[in-house]
Amino acid sequence: MIDIHDSAAVERLRRQLQLDPHPLRRLRNAFYKRRLDGACAVAELPEASRERAAAELRFHTLTLERTANSTVDGATKLLFAADDGVRVESVILRSRTGRTALCISSQAGCGAGCAFCATGHSGLLRNLSSSEILDQVVQANRMLRDEGRRVRNIVLMGMGEPFHNEAAVGEALAVLGRTDCFDHTLRHVAVSTVGVPAAMERCARRFPQVRLALSLHSARAAVRQQLIPTARRCSLEELRDAVATVNELQARRQPVMVEYLLLAGWTDRPEDLDALLAWCQGLHVHLNLIPFNAIPEATDLHPTPRPEREAFANRLKARGHRVTLRYSLGADVTAACGQLARSGRSADRPLSGTECG
Ligand code: SF4
């Protein structure tokens, strides 16, 4: 079958069906912009082509198995199954301003093994295809249509390290930005990474509008390596250079977002603050301080209490840094940062919990 997001293959089918480009534009418009299902989109074609198009075009690569709605903050977790049975999670985040964000996954599981992250404890099952990454957006947007909402911001912060699946993530970003497909403003897309310097720079060159978020979490090498095992592969200096290069390459004023997880006794001490200040010195970044969401696998990690988080933020602000103190959404459905599923193949596994960064 032909994947609807595969423009070259769809174009070949169009020629075989001897279709004018216009009906195909109508089909894409119905599917991507009007958010209709595949059958309704195919109905935009001339009658003589519909049967074959319906038989050949594949509109979805994931099956939505379950959803879990937060009762407190408007988050909805979506659990999908792929053809081979692996589970993938996405999270819809509705803000009170009416804006809607979608956190999507780039891998089933993750091989980065971050100590604070449920997905990291599950290991990597496999990379998602670009189509599986995009189908999360399609299906979330379909759900949101009935609410009069649409996904505005897309963050690749779900399961997986996006730059460990760089090719598929690049293909997905390209399709998201295509005017005849999603036509999604890439300024509203963010990719979060634990730090793969060469891939960060490649992404910034190819997609200068996409925002990058670096999950730093500690500016002390030994601590960072305990929290993020893959941190052994590159030094803090290399990360710093990559951030500076990305800032130069990106055609936007917003700087790289630096994510920093506040963990009691690990990343919130005066020496941690000093190291972070030293790492940031002269660097144009926006610091995002994240509260830790507990996971059963990390019994030695605890959140920094809120007054200390605020004090940490205030010290950074006093040194002239842009700082956001983030609050978690979706914790009651284990959809908050770091809680996304120990994705597996079992249909019986209870719907659990978001990640990267
Ligand atoms: S935080 Fe991101 S990179 Fe680290 S294990 Fe979790 S999903 Fe993977």
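Being a predicted model, the structure only gives us computed values, none of them experimental.

The subject of this paragraph is the nonpolar core. Counting 86 residues, the largest nonpolar core has Leu-173 and Trp-279 as its most contacted members. Discounting chain neighbours no more than four positions away, the residues touching Leu-173 are Leu-156, Leu-186, Val-189, Val-191, Cys-203, Phe-207 and Val-210. Core analysis: the next-biggest nonpolar cluster, separate from the first, contains 19 residues, Ile-228, Phe-292, Ile-295 and Leu-301 among them.

Attention shifts here to the packing of helix α10 (residues 236-249) against helix α11 (residues 270-280). Relative to each other, α10 and α11 sit at 45 degrees, their axes nearing to 10 Å. Between α10 and α11, the angle is such that the two are oblique. Residue-level contacts link Leu-236, Leu-239, Arg-240 and Val-243 of α10 to Ala-278, Trp-279 and Cys-280 of α11. Here the residues of the contact of α10 with α11 sort into six nonpolar, no polar and one charged.

On to the domain arrangement of the protein chain, then. Examined at the domain level, the protein chain breaks down into domain 1 (2-58) and domain 2 (62-333). Computed over C-alpha atoms, the centres of domain 1 and domain 2 are 34 Å apart. Contacts between the two partners involve 12 residues from domain 1, matched on the other side by 17 residues from domain 2. With both chains or domains summed, domain 1 and domain 2 bury close to 1300 Å², and 44% of this area falls on carbon and sulfur atoms. At the boundary of domain 1 and domain 2, one finds two salt bridges. Our count for the contact surface shared by domain 1 and domain 2 stands at 10 residue pairs in polar contact (both at pLDDT 80 or more). Counting residues per element, the side of domain 1 that touches domain 2 draws most heavily on helix α2 (residues 21-33), which supplies four residues. Per-class residue counts for the side of domain 1 that touches domain 2 are three nonpolar, two polar and seven charged.

It is worth spelling out helix α8 (residues 197-206) at this point. When α8 is considered as a whole, its buried residues turn out to be Pro-197, Ala-199, Met-200, Cys-203 and Ala-204. Buried residues of α8 fall within an arc of 165 degrees about the axis and therefore sit on the same side. Across α8 from its buried face, at more than 90 degrees, point the exposed residues Arg-205 and Arg-206. Structurally, α8 contributes buried residues whose contacts are with α7 (166-177), β10 (189-193), β11 (211-215) and α10.

Thresholds, definitions, all that
- Residues numbered from 1 in each chain as written.
- Predicted model: local features only at pLDDT ≥ 70, side-chain atom pairs only at ≥ 80, totals over all residues.
- Heavy atoms only, no water.
- Core = buried A, V, L, I, M, F, W, Y, C linked by side-chain atoms within 4.5 Å.
- Buried < 20%, exposed > 50% of the residue type's maximum accessible area, 1.4 Å probe, protein only.
- Contact = heavy atoms within 4.5 Å.
- Axes fitted to C-alpha atoms, helices over the stretch in contact; angles between N-to-C directions.
- Helix = DSSP H or I, 4+ residues; strand = E, 2+ residues; numbered from the N terminus.
- Parallel < 35°, antiparallel > 145°, perpendicular 65-115°, else oblique.
- Nonpolar A, V, L, I, M, F, W, Y, C, P; charged D, E, K, R; others polar.
- Domains from an automatic or database assignment.
- Buried area = accessible area lost by both parts, 1.4 Å probe.
- Salt bridge = Lys/Arg side-chain N within 4 Å of Asp/Glu carboxyl O.
- Polar contact = N/O pair within 3.5 Å; in protein donor to acceptor, adjacent residues only side chain to side chain.
- Arc of directions from axis to C-beta.

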